[in-house]
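Understanding the architecture of this molecule
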Amino acid sequence: QLIIEERLEGDEASVIAITDGRSILTLPAAQDHKPALDGDSGPKTGGMGAYSPTPLVDDKLLAVVQEQVLVPTVHALKRQRRPFQGALYAGLMVTPQGPKVLEFNVRFGDPECQPLLMRLQSDVVDVLEATVDGRLDELPELQWDPRPSVCVVMASEGYPGPYERGRPIRGLDEAANIEDVKVFHAGTATTDGQVVTNGGRVLGVTALGDSIAKAKLQAYKAVKCIRWEGAWCRKDISDKARNSGTD
């Protein structure tokens, strides 16, 4: 048997919503970089970096995604007596005909979550507790830092193929002291008080900036502080936004 599917032409974007099964909070869109190497070349990975917001999804398109994708999905699950509570991640292809769903995940996306949390000024714990208790409609409107955020993933040598673990990481404190920077740990462990690598994607170095270009500059400034044997990253995270004419 053969299944012939429509070929989707466009760019990928990610929209994450939080729902308590009745109400929905749609978060700003993000765009990640799946291929391992600069220029979107090389093997696919879990994501080598992300930025938010993305000019690929403006307010009008985000409203379409909420109305045509997220709301119908949540309501269909409720009608089937399988109400869903949590983070609903929609992986989308933005085509000339509109957004098309590539996949759903029931979790926060990595590395899209990092720039979103950098921009979120409301307490995420309050949001999660309201989700569990079915009180999302009682929450005040979420507050967001208007500045964009860029996350650069630092990976182990060999990723997305085989890689070694246990390599000591240096410079974490130095990077964390840079203004508007936060280093999110993904594949790390502690050995004898030393932080070491323990995964393929090791760190998500994330920064805010007055523009996407400035956020990128801050993120890579922090990346330069961090070292371990075999560390590497893409050098062009967020350039898609800048190439679209949005700085």
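The text that follows walks through the structure, step by step, so that each part is easy to find.

With that settled, the discussion passes to the environment of serine 149. Within the fold, serine 149 resides in strand β9 (residues 149-155). Considered as a pair, serine 149 and alanine 213 are 64 residues apart in the sequence and their alpha carbons are 9.7 Å apart. Beyond its immediate chain neighbours, meaning those up to four positions away, serine 149 contacts Ala50, Tyr51, Ser52, Pro115, Met118, Arg119, Thr206, Ala207, Leu208 and Ala215.

Turning to helix α3 (residues 124-133), a few remarks are in order. The set of residues buried in α3 consists of Val127, Ala130 and Thr131. The arc that holds the buried residues of α3, viewed along the axis, is 105°, so those residues lie on one side. Opposite its buried face, α3 presents the exposed residues Val132 and Asp133, each directed more than 90 degrees away. Those residues of α3 that are buried lie in contact with β1 (11-19), β2 (24-26) and β7 (86-95). By the N-cap criterion, in which a side-chain oxygen at the helix start approaches the backbone nitrogen of a residue two or three places on, α3 is capped by aspartate 123, the distance to valine 125 being 2.9 Å.

Within the element layout of this structure, arginine 167 appears in the loop between β9 and α4 (172-176). In this structure the side chain of arginine 167 is engaged in a polar contact, spanning 3.2 Å, whose partner is the side chain of glutamate 164. Here arginine 167 is in contact with Glu157, Val195, Val196, Thr197, Trp228, Glu229 and Gly230, once residues within four sequence places are set aside.

Moving on to the sheet that holds strand β3 (residues 31-32). Strand order across the open sheet formed by five strands is β3-β6-β9-β13-β10, with antiparallel pairing between neighbours. Because the sheet does not close on itself, it has two edges, and the strands there are β3 and β10 (181-185). Where β3 lies against strand β6 (residues 49-52), two bridges are found, and the strand directions are antiparallel. If you follow glutamine 31 over to β6, its bridge partner there is tyrosine 51.

What counts and how
Residues numbered from 1 in each chain as written. Predicted model: local features only at pLDDT ≥ 70, side-chain atom pairs only at ≥ 80, totals over all residues. Heavy atoms only, no water. Helix = DSSP H or I, 4+ residues; strand = E, 2+ residues; numbered from the N terminus. Contact = heavy atoms within 4.5 Å. Buried < 20%, exposed > 50% of the residue type's maximum accessible area, 1.4 Å probe, protein only. Arc of directions from axis to C-beta. Polar contact = N/O pair within 3.5 Å; in protein donor to acceptor, adjacent residues only side chain to side chain. Pairing = 2+ DSSP bridges.

None of this, on its own, says anything about what the molecule does.
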